[in-house]
Structures are given as C-alpha cells and as structure tokens.
Amino acid sequence: MTAGTRQYESVNSTTTDQGGADTDLTITAASDKLQIVDAGGSANTLDLIFVDDGETGVTTGFAEVYLQNESNADEQITVRDGNNSDNPLGIIDQNSGGWFRFCGGQWVSSTSGTN
C-alpha cells in the first residue's frame, strides 16, 4: 500500500541518494510507505514535505512512511518537518530507520537512531 493508507506496505525500489547534500523528500498519499535513503555524505538533512493534491499550503491529510538509512558509511541523516519551519524530528544512524507519520498538519516520529 501507499503512504496514504493505514495498512500494508509498499517499498520504493529506488534508493533516494542525497548525493552529500541537504535534500527535500516530498511525500504524497501515493508515495511508497518504505523509503530507502543514502545520505551520500555526513551531516545531511532530509526535509519531509507532505503534499495532498487536494490542498495547498500546510495540509491536514494523513501519511505514514518508514525511512531506512542505507548509507555505505557511518553517515547520519537529520530528518526535519518540511511542512513546519524545518523543525527537527530525529536523527537516523546508518543501518537504522524511523517511522514518520503526518497527521493534523505536522510530522511525528519514532526512530531507532538518535531522537
């Protein structure tokens, strides 16, 4: 299933490669629930942005994604709420991951890395 559904899972078979730079990752209701990310360098930020096609600006829709840090070195990813002033949500260590849920206009998280 996709990010906009509350059960089952689908996997993004293409790794999001940050290429050593800060990156925005836009999630829609149709996005895969499991997102694989390679930081491509240390100290990178990943801003999660939820966009509901039926809304503009900060949205009140629902999405849930799992981000897995598959970096090939000891590289952390700082995940931020791209919908709300880039507020920090957590840090995902190499070979760790975290659940991120967009509900009521903001992202909330539970990570296996540093919170």
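What you see is a predicted model, and the numbers here were worked out from it, not measured in a lab.

Calculation notes
Residues numbered from 1 in each chain as written. Predicted model: local features only at pLDDT ≥ 70, side-chain atom pairs only at ≥ 80, totals over all residues. Heavy atoms only, no water. Helix = DSSP H or I, 4+ residues; strand = E, 2+ residues; numbered from the N terminus. Buried < 20%, exposed > 50% of the residue type's maximum accessible area, 1.4 Å probe, protein only. Contact = heavy atoms within 4.5 Å. Areas by Shrake-Rupley, 256 points an atom, 1.4 Å probe, with all protein chains shown as cover. Pairing = 2+ DSSP bridges.

Requested: an account of the overall build of the protein, with residues and values cited.
Per the secondary structure count, the protein includes zero helices and nine strands. Going residue by residue from the N terminus, the α and β elements of the protein occur as β-β-β-β-β-β-β-β-β. Per-residue burial for the protein yields a buried fraction of 43% across its 115 residues. Sequence-distant contacts in the protein: of pairs separated by 6 or more residues, those separated by 24 or more amount to 53%. Entry remark: accessible area of the protein is about 5,600 Å², with carbon and sulfur atoms responsible for 44%.

Give a description of the pairing of strand E3 (residues 34-38) that names residues and reports values.
Where burial is concerned, most of E3 is hidden: five out of the five residues are buried. Taken together, the two bridges between strand E1 (residues 16-17) and E3 define a ladder with parallel strand orientation. If you follow Thr16 over to E3, its bridge partner there is Val37. The pairing of E3 with strand E5 (residues 63-69) spans four bridges and is parallel.

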